[in-house]
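# Summary of structural features
Residue strings, one per chain:
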Amino acid sequence: MNNSPVHMQGATRDMPPPYSSPSGPAEFSQLQQPLPYGNPPQSIQQSSSQSSVVVVQQPPQIYQQMTTPPSDYLGWSICGCLCCLWPIGICAIVASMNARSAVDRGDLEDAKTNSNVALGINITNTVIGIIFFVVIVVVVLS
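These numbers were taken from a predicted model, which means no experiment stands behind them. (Residues numbered from 1 in each chain as written. Predicted model: local features only at pLDDT ≥ 70, side-chain atom pairs only at ≥ 80, totals over all residues. Heavy atoms only, no water.)

## Some points on the overall build of the protein chain
Of regular secondary structure, the protein chain possesses 4 helices and 2 strands. Going from the N terminus to the C terminus, the protein chain shows its helices and strands as β-β-α-α-α-α. Counting every position in the protein chain, which comprises 142 residues, the buried fraction comes to 14%. Pairs at least 24 apart in sequence give 51% of the contacts found in the protein chain among residues at least 6 apart. Split by element, the accessible area of the protein chain, about 12,500 Å² in all, is 62% carbon and sulfur. (Helix = DSSP H or I, 4+ residues; strand = E, 2+ residues; numbered from the N terminus. Buried < 20%, exposed > 50% of the residue type's maximum accessible area, 1.4 Å probe, protein only. Contact = heavy atoms within 4.5 Å. Areas by Shrake-Rupley, 256 points an atom, 1.4 Å probe, with all protein chains shown as cover.)

Written out as C-alpha cells, the structure reads:
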C-alpha cells in the first residue's frame, strides 16, 4: 500500500500506516491468552523513596425511623356521603383528601391532624345518619 497523500477536492490527507501482523510466535501467544474475569490486572509501582497514605472516610449513616402514615378514612368518607348526610360527607372527603396530600408531601404531623378531623366528621356523620334512619323507620311504622 502506498503512503502517499490522497487528494480530495482541494484537501490533502495522509493515509494511516498499514496494519502489521505479529512478527513472531511469542507475540502471537500473548495475543491468544484469555482475559481474566473481574477487574483487569493493574500494574502497581512501589517506590521506596515516596509513600502515600490514602484515607477514605465513609459518609455518616443517617437512620430514619420508618413510621406508617395515618389513615385518611377516604372510603368511610365516601360511604358516609352516599349513605348518610351528604353535606357532612363532603366535609369528611375534604378532610380525608387533605390528610392524603399531607402524607404525599411528607408532612406527617399535618396528615395526623387531618386524619383525626376526618375520623371525627365520619363518626359524627354515621351517628347522625343512624339517628335519622331510626327516626324515619319509627315514623313510617307508627
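Okay, back to it.
## Side note on the packing of helix α2 (residues 74–83) against helix α4 (residues 108–141)
Interhelical geometry of α2 versus α4 gives an angle of 30° and a closest axis separation of 10 Å. Relative to α4, the element α2 is oriented roughly parallel. The two elements α2 and α4 meet at a crossing, and its hand is left-handed. Here α2 contributes W76, S77, G80 and C81 to the contact with α4, which in turn contributes L119, N122, I123, N125 and T126. Per-class residue counts for the contact of α2 with α4 are 4 nonpolar, 5 polar and no charged. (Axes fitted to C-alpha atoms, helices over the stretch in contact; angles between N-to-C directions. Parallel < 35°, antiparallel > 145°, perpendicular 65-115°, else oblique. Left-handed = near helix turned anticlockwise from the far one by under 90°. Nonpolar A, V, L, I, M, F, W, Y, C, P; charged D, E, K, R; others polar.)

## A word on the packing of aromatic side chains
Counted by the stated rule, this structure contains 1 aromatic pair. The interplanar angle of 75° and the centroid separation of 6.3 Å between the aromatic rings of Y73 and W76 together place this pair among those described as edge-to-face. By relative accessible area, Y73 is classed as partly exposed at 25%. (Phe/Tyr/Trp six-rings, centres within 6.5 Å; stacked < 30°, edge-to-face > 60°.)

## Section: the environment of A102
With respect to the element layout, A102 can be found in helix α3 (residues 86–105). Among the residues examined, A102 registers a relative accessible area of 0% and is labelled buried. What A102 contacts, discounting residues up to four positions off in sequence, is D107, D110 and A111.

## Brief notes about α2
Counting along an α-helix, one turn takes 3.6 residues, and residues three or four places apart therefore face a common direction. Among the residues making up α2, those that are buried are L74, S77, G80 and C81. Viewed end-on, α2 has its buried residues packed into an arc of 125°, placing them on one side of the element. Seen from the buried face of α2, the exposed residues on the opposite side, beyond 90 degrees, are G75, L82 and C83. Residues of α2 that are buried in the fold lie against α3 and α4. (Arc of directions from axis to C-beta.)

## A short note on the pattern of salt bridges
One pass over the full model with this rule turns up 3 salt bridges. In this structure, the salt-bridge partner of R105 is D107, at a minimum N-O distance of 3.7 Å. Accessibility expressed as a relative area gives 53% for R105, which makes it exposed. Taken together, the salt bridges that share partners define one network made up of R105, D107 and D110. (Salt bridge = Lys/Arg side-chain N within 4 Å of Asp/Glu carboxyl O.)

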